[in-house]
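Chain residues, written in single-letter form:
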Amino acid sequence: MITYGVGYKLEHVNSDKQELQDGFKITFTYVVSFDERDGFVRLPRTYHFALPSVDGFILERLGASETRGLFGGVENQRQKLYSEACERAIGEVLTITLCEILGAGESDKPTSVIIFGPALPKVVGRFAHLRPPVNYNILWVCPKPFPEWIAERANEVLLFPPYSSSVNDTEGWEDEPLVVSFEYTPPDSNTPSVVQHLQMWPDTQRVDDRLLSGYAWAEAKFANRAFLPREIPIAAGQVQHHQDNPFEGGREEKWRTVKKDYKPLGFEVEGGGQLRSGSPRIGVDGWSIKWNKSKNKQAAEETKV
Amino acid sequence: MLHTDTLQPVDLDELVSPGYFKDTDKIDLYVRRNPSEADPNNPNSPVQITTKDIKGAGCEIPLSVQSDIKHVSQFGLKEVWVGGKAGGHNRWEHSRGAYNAGLIWLKVLEADNRVKDHCMRWPADTWEKIRALVGTALLLHDYGHLPFAHLLNEVLETINWLPSAAKWAGLEAAVLQHRLVGEPLKHTWKALLDEIIKPKADRPLYSDDVCSIIKDLILGAHGVPWMQAIVNSPVDADKIDYIRFDSGFLTSTEYPIRPRILEEKPTQWLTEFLNDQWVNHAGLLCLHGRSAIAAADLWRERMFLYDRFYLSPEVRLPERMAFEIVQQFVIHATMSGDFVQTLKEESLRSYPEQVETKKGERIMPIEEKYQTIRDIMLHLQKKIRDEKREFPLLEWMMQKLEQYKGIDKGYKELLGRCFSSLSALESGTTKLPQVVKRSLVQEPLLLERSDCKRAMEVLRPLQHTYCREALIDIVQMPRVLSAPRRWHTGFGRHDKPGMDYSILVPDGPVSTWAPKSRAIRPLTDECVKELRHPFCRVTVIAPERADSAQADYVWDRVRSALLEANLGLVEGIKELR
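It should be emphasised that the depicted structure is a prediction, and the values quoted were computed from it without experimental measurement.

### A closer look at the overall build of chain B
Inference 1: Scanning chain B for helices and strands turns up 23 helices and 11 strands.
Inference 2: In summary, chain B has a C-alpha radius of gyration of 24 Å against a globular reference of 25 Å for 577 residues, a match within 12%.
Inference 3: Dimensions along the principal axes, computed over C-alpha positions, put chain B at roughly 75 × 60 × 50 Å.
Inference 4: For chain B, buried positions account for 60% of its 577 residues.
Inference 5: Long-range contacts, defined here as pairs at least 24 residues apart, represent 73% of the contacts in chain B between residues at least 6 apart.

### As for the overall build of chain A
Inference 1: The number of helices and strands found in chain A is six helices and 13 strands.
Inference 2: When the 305 residues of chain A are sorted by exposure, 53% land in the buried category.
Inference 3: Taking all contacts inside chain A whose residues are at least 6 apart in sequence as the whole, residues at least 24 apart take part in 68%.
Inference 4: Accessible surface, chain A: about 14700 Å² in total, of which carbon and sulfur atoms supply 48%.

### With respect to the packing of helix α22 (residues 452-465) of chain B against helix α23 (residues 549-564) of chain B
Residue and element names in this part refer to chain B.
Inference 1: The interhelical angle for the contact between α22 and α23, taken along N-to-C directions, is 140 degrees, at an axis separation of 10 Å. Between α22 and α23, the crossing angle belongs to the class labelled oblique. The two elements α22 and α23 meet at a crossing, and its hand is right-handed. Between α22, through A455, V458, L459 and L462, and α23, the contact on the second element is made entirely by R557, V558, A561 and L562.
Inference 2: The residue inventory of the contact of α22 with α23, partitioned by class, reads seven nonpolar, no polar and one charged.

### Some thoughts on the interface of chain B and chain A
Inference 1: At the junction of the two partners, chain B supplies 38 residues and chain A supplies 40 residues.
Inference 2: Summed over both sides, the interface between chain B and chain A buries roughly 3300 Å², with carbon and sulfur atoms accounting for 55% of that surface.
Inference 3: Our count for the chain B to chain A interface comes out at four salt bridges.
Inference 4: Two residues, R131 of chain A and E324 of chain B, come together in a salt bridge whose shortest N-O distance is 3.2 Å.

### Quick notes on the pairing of strand β6 (residues 136-143) of chain A
Residues and elements named next belong to chain A.
Inference 1: For β6, the buried fraction is high: eight of the eight residues fall into the buried class.
Inference 2: Of the two faces of β6, the one holding Y136, I138, W140 and C142 and the one holding N137, L139, V141 and P143 are both buried throughout.
Inference 3: The sheet contact formed by strand β5 (residues 111-116) and β6 spans six bridges and is parallel. Within β6, the residue paired with I115 across the bridge is W140.
Inference 4: Of the strand pairs in this sheet, β6 and strand β8 (residues 193-198) are connected by five bridges, and their pairing is antiparallel. Opposite P143, over in β8, you have S193 as the bridge partner.

### Here we look at the nonpolar core
Residues and elements named next belong to chain B.
Inference 1: Residues L140, W226, F273, W299 and F309 are the most contacted members of the largest nonpolar core, which totals 244 residues.
Inference 2: For W299, the contacting residues outside a window of four places in its chain are P234, V235, V480, L481, W513, L523, V528 and L531.
Inference 3: Core analysis: the next-biggest nonpolar cluster, separate from the first, contains 24 residues, L447, I474, V540 and V554 among them.

### Looking at the packing of aromatic side chains
Inference 1: In the structure shown here, the tally under the stated rule is 21 aromatic pairs over all chains.
Inference 2: Note on W127 of chain B and W226 of chain B: the rings are 5.7 Å apart at their centroids and 55 degrees apart in plane angle, and the pair reads as tilted. Separated by 99 residues along the polypeptide, W127 of chain B in helix α6 (residues 127-140) and W226 of chain B in helix α11 (residues 225-231) bring together distant segments of the chain. Accessibility assignment for this pair places W127 of chain B and W226 of chain B in one class, buried.
Inference 3: Three or more aromatic residues joined by ring pairs make a cluster, and in this case those are F24, F28, Y47, F49 and Y82 of chain A.
Inference 4: Positioned over the ring face of W122 of chain B is R203 of chain B, at 4.4 Å from the centre of the ring.
Inference 5: Over the face of the ring belonging to W396 of chain B we find K383 of chain B, whose NZ or CZ atom lies 4.5 Å from the ring centre.

### A word on the sheet that holds strand β7 (residues 471-476) of chain B
Residues and elements named next belong to chain B.
Inference 1: Spatial ordering of the open sheet is given by β6-β11-β7, a layout of three strands whose pairing is antiparallel. Edge positions in the open sheet fall to β6 (445-448) and β7, since each of these has one partner strand only. Strand-to-strand twist of the sheet, defined as the mean angle between neighbouring strand axes without regard to direction, takes the value 20 degrees.
Inference 2: One ladder, built from six bridges, connects β7 with strand β11 (residues 535-541); its direction is antiparallel. Following the sheet pairing, Q476 is matched in β11 by C536.
Inference 3: Along the sheet, α22 makes contact with β6, β7 and β11, crossing β7 at roughly 170 degrees.

### Focus: the side chain of D236 of chain B
Inference 1: Structurally, D236 of chain B is set in the loop between α11 and α12 (237-251).
Inference 2: A distance of 3.0 Å separates the side chain of D236 of chain B from the backbone nitrogen of S233 of chain B, its partner in a polar contact.

### Regarding helix α18 (residues 365-380) of chain B
All names here are of chain B.
Inference 1: With 16 residues, α18 ought to run about 22 Å at 1.5 Å a step, and its terminal C-alpha atoms sit 22 Å apart, in line with that.
Inference 2: Burial within α18 is extensive, with 12 of its 16 residues counted as buried.
Inference 3: Residues P365, I366, E368, K369, Y370, T372, I373, R374, I376, M377, H379 and L380 constitute the buried set of α18.

### With respect to the side chain of S421 of chain B
Inference 1: Of note, S421 of chain B is situated in helix α20 (residues 409-427).
Inference 2: In contact with S421 of chain B, other than residues within four places in its own chain, are M321, V435 and E544 of chain B.

### Some words on empty space enclosed by the protein
Think of a ball as big as a water molecule: rolled over the atoms, this probe shows where empty space is left.
All names here are of chain A.
Inference 1: Evaluation of the coordinates by the stated rule reveals two cavities of 30 Å³ or more.
Inference 2: Taken as a whole, the largest cavity holds about 50 Å³ of empty space.
Inference 3: In terms of lining, the largest cavity is formed by P132, P133, V134, Y136, I138, L198, M200, W201 and T204.
Inference 4: Class assignment for the residues of the lining of the largest cavity results in eight nonpolar, one polar and no charged.

### A closer look at the packing of helix α3 (residues 63-70) of chain B against helix α5 (residues 91-111) of chain B
Two quantities define a packed helix pair, namely the angle between the helix axes and the distance between the axes.
All names here are of chain B.
Inference 1: In contact at an axis separation of 6 Å, α3 and α5 are set at 110 degrees when each is read in the N-to-C sense. Here α3 is positioned roughly perpendicular relative to α5, judged by the angle of their axes. Residues Q66, I69 and K70 of α3 form the contact with α5, whose participating residues are R91, W92 and S95.
Inference 2: Among the residues making up the contact of α3 with α5, the classes are represented as two nonpolar, two polar and two charged.

### Some points on the pattern of salt bridges
Inference 1: By the definition in use, this model includes 40 salt bridges over all chains.
Inference 2: A salt bridge links E100 of chain A to R42 of chain A, with the shortest nitrogen-to-oxygen separation between them at 2.8 Å. With E100 of chain A in helix α1 (residues 77-104) and R42 of chain A in strand β3 (residues 38-42), this pair connects stretches of sequence that are 58 residues apart. Here E100 of chain A and R42 of chain A have matching classes, each one buried.
Inference 3: The partner of K78 of chain B in a salt bridge is E319 of chain B, and the shortest N-O contact between them spans 3.5 Å. Separated by 241 residues along the polypeptide, K78 of chain B in helix α4 (residues 78-81) and E319 of chain B in helix α15 (residues 313-335) bring together distant segments of the chain.
Inference 4: Note on K78 of chain B: relative accessible area 13%, which makes it buried.
Inference 5: E319 of chain B gets classed as buried once you look at its relative accessible area, which sits at 3%.
Inference 6: Overlapping salt bridges, with partners in common, bring together R42, R45 and E100 of chain A in one network.

### Observations regarding the environment of I474 of chain B
Residue and element names in this part refer to chain B.
Inference 1: Tracing the backbone shows I474 in strand β7.
Inference 2: Residues I474 and E183, 291 residues apart in the sequence, show an inter-C-alpha distance of 39 Å.
Inference 3: The contacts of I474, once residues within four sequence positions are left out, are C452, A455, M456, L459, R537 and V538.

Cut-off values and rules
- Residues numbered from 1 in each chain as written.
- Chains lettered and ligands numbered in written order.
- Predicted model: local features only at pLDDT ≥ 70, side-chain atom pairs only at ≥ 80, totals over all residues.
- Heavy atoms only, no water.
- Helix = DSSP H or I, 4+ residues; strand = E, 2+ residues; numbered from the N terminus.
- Rg over C-alpha atoms; globule rule 2.2 N^0.38 Å.
- Buried < 20%, exposed > 50% of the residue type's maximum accessible area, 1.4 Å probe, protein only.
- Contact = heavy atoms within 4.5 Å.
- Areas by Shrake-Rupley, 256 points an atom, 1.4 Å probe, with all protein chains shown as cover.
- Axes fitted to C-alpha atoms, helices over the stretch in contact; angles between N-to-C directions.
- Parallel < 35°, antiparallel > 145°, perpendicular 65-115°, else oblique.
- Left-handed = near helix turned anticlockwise from the far one by under 90°.
- Nonpolar A, V, L, I, M, F, W, Y, C, P; charged D, E, K, R; others polar.
- Buried area = accessible area lost by both parts, 1.4 Å probe.
- Salt bridge = Lys/Arg side-chain N within 4 Å of Asp/Glu carboxyl O.
- Pairing = 2+ DSSP bridges.
- Core = buried A, V, L, I, M, F, W, Y, C linked by side-chain atoms within 4.5 Å.
- Phe/Tyr/Trp six-rings, centres within 6.5 Å; stacked < 30°, edge-to-face > 60°.
- Lys NZ or Arg CZ within 6 Å of the ring centre and 35° of its normal.
- Polar contact = N/O pair within 3.5 Å; in protein donor to acceptor, adjacent residues only side chain to side chain.
- Expected span 1.5 Å × (residues − 1).
- 1 Å grid on protein atoms, 1.4 Å probe; cavity = no way out; pocket = protein on both sides within 12 Å on 5 of 7 lines; lining within 4 Å.
- Points joined across faces, edges and corners; volume = space filled by probe spheres on them.

Everything listed here is a matter of geometry and, on its own, says nothing about what the molecule does.
Laid out in structure tokens, this is it:
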């Protein structure tokens with residue numbers, strides 16, 4: 001099975017220059033593994049986004065009786081525009097990522113694309129418009145509580161639609177939801193995650209215990225010690241690494257390994273040598289990553305604080 | 001770099017529309033003359049306009065611009081769907097038709113002294129300057145259209161990719177603003193300035209100002225109301241010409257409807273319209289008596305054409321099929337670098353590639369995507385070089401989608417069925433009624449016009465879910481008075497009538513306007529309420545499989561989704577407000 005793990009992180013950027021509006025940036029990347037053989041990490045990218053201008057003034061119209069929104073749920077034009085811009089931007093970077101995955105993919109082989117975070121409607125709509133082939137199983141996995149690492153100040157209550165308590169309880173009648181949501185607790189873990197599955201086609205492979213337990217789940221320290229498919233912590237780790245240690249040398253390789261001594265957010269990957277110069281598995285230069293479940297798990301244990 | 005030859009202005013003979021000057025070099029318009037201007041010996045003498053007037057308006061359009069306008073179809077391939085040929089009518093044919101109609105209109109106002117001197121404001125303070133500015137604006141009014149014209153606008157609108165510059169008048173406004181400041185037109189602005197406007201001006205003016213005036217006229221933001229009314233308003237020369245042409249075109253096809261303004265000569269309706277028409281002391285265009293009645297005829301005809309032809313379920317059916325192919329192409333060509341590589345067009349860059357070049361810069365995704373797709377379509381426009389207009393481009397897009405591995409096979413089959421239907425129409429081996437019979441599922445569903453946007457959102461997930469089986473089409477009938485910028489009175493969802501202050505019409509509803517009615521109030525939606533078609537239409541299309549159980553199921557699901565969302569279906573005439 002080919003498994004892609006996609007990670008992204010959104011950060012607010014307050015401009016210290018008068019002439020510039022506040023904005024935000026998203027750093028994102030993905031990791032691909034080919035069964036237990038080899039895998040690649042895509043060089044993370046950071047896109048900077050401008051916020052739309054808020055027209056007019058915010059009025060205090062009902063200062064003596066209005067609901068201010070202690071737990072959110074009260075509409076505020078500025079916040080609405082901000083959320084809209086951020087969700088759209090997340091949609092953009094994930095769509096670009098999926099397009100890259102679809103363009104590089106090997107036809108007909110069962111492929112999972114697992115995205116870290118909730119399935120935002122703007123992302124779902126964009127993915128659906130791409131009409132991805134049926135052999136691509138697209139899932140979102142998001143631990144509960146929502147990991148602030150993805151986007152600080154996000155409102156967990158509003159992020160998920162009502163979902164089923166388990167994967168066995170998702171059969172609907174008549175309605176045909178594009179996304180099926182349910183809670184899943186991986187083996188050896190006590191932390192549940194919300195799994196959302198894009199059911200684009202009638203013959204899309206249904207998500208069941210067998211499929212989910214087939215992924216290599218690994219503990220992610222940065223996500224409240226939740227267990228996630230191993231590709232996700234590596235992708236997230238690369239994102240964090242990219243932000244903490246911006247590369248200042250020459251041109252970076254598009255595909256690369258993770259440093260052997262680097263522990264991405266509590267998860268270690270053993271790096272190997274360069275796979276093949278010029279023609280790696282998915283058409284660009286890269287390095288192999290040797291997956292070693294037991295060692296990874298051991299490393300994760302060691303890095304627990 | 002453009003070759004110098006392409007910057008040469010078009011030949012003056014190219015400005016004369018055979019639609020207006022067929023086998024003649026002069027037109028006599030027997031309009032009711034201004035008593036102070038009429039020849040006392042012959043008070044009923046006509047206003048005469050010659051091809052010399054048309055050629056001598058001082059409009060210089062570069063050959064390259066003419067070529068760009070010429071290679072976009074006027075109808076977005078509707079001619080092909082109804083059994084005609086796309087080549088007969090392109091955007092240049094229509095632009096020069098609108099230009100001819102506009103100059104005829106100006107000639108009557110001028111010859112009959114219907115505009116007071118103080119209403120001709122600097123920099124358009126002489127008839128020579130007005131002709132040049134209005135004429136140039138009319139010749140360039142469609143320069144913002146990319147291949148597939150309105151269809152492409154619709155494609156971007158449904159995926160929320162229209163940029164902020166498209167707020168008032170859609171994609172064409174955004175592209176126009178980009179193209180007007182481009183290299184090919186620089187000489188046009190300079191020639192207008194140096195040869196027509198500057199010599200008699202007592203204040204400084206620059207080429208950029210001339211470009212701004214033309215842009216404002218085309219986009220409906222010019223400050224002189226009566227000039228604005230001619231270029232972009234509910235009765236502008238653009239509408240006059242396309243209704244003239246489309247009415248004539250329909251009579252040459254087997255399409256089952258016939259126009260109601262059917263003219264032997266294009267000046268028949270125009271003569272009525274130019275009777276009793278004056279510009280008042282404030283510069284507003286006053287449609288008195290017969291002029292107002294003729295305008296009402298035009299609006300009635302326009303609504304009829306939209307309802308029964310442009311947006312009719314029969315014509316929408318192939319349009320929606322072409323829409324699906326174009327939309328898939330646009331999405332993949334914009335978002336996927338790998339797909340762009342398969343196109344083998346070296347200068348094309350996808351959206352991620354564009355963003356990569358702006359390292360660290362803050363981007364607005366919609367603006368970036370619009371620029372990407374604009375540049376792609378401007379590049380692909382070069383592929384349109386023969387009388388088949390956009391059809392070969394559609395075929396090329398289909399081929400590229402078929403070859404791309406990143407799209408579901410089942411969905412590709414649907415696209416294939418769409419294209420084979422369109423191809424059969426194009427080659428003439430199949431007629432539209434046959435395609436309709438094989439692909440239109442049951443009958444269209446009608447909703448109130450104001451529910452259109454909500455219906456789109458409700459049906460969006462269903463369209464994704466059943467995209468292998470069927471296409472869902474949603475069209476909204478236009479307003480009777482279609483003008484880009486208007487003032488609104490009232491509040492709320494239903495009670496928000498628009499107003500066009502540049503035009504005055506008689507008091508009361510349109511059915512009460514009589515030959516002696518005086519134009520005393522601004523044109524509003526209220527005046528023409530009787531002409532409205534206030535609904536939107538939802539159609540389910542299952543290419544080549546309309547009779548299948550799956551198609552019926554999708555139709556049922558569409559109907560029940562609309563009902564569940566509490567959207568009132570208009571299923572009996574009494575329910576239509």
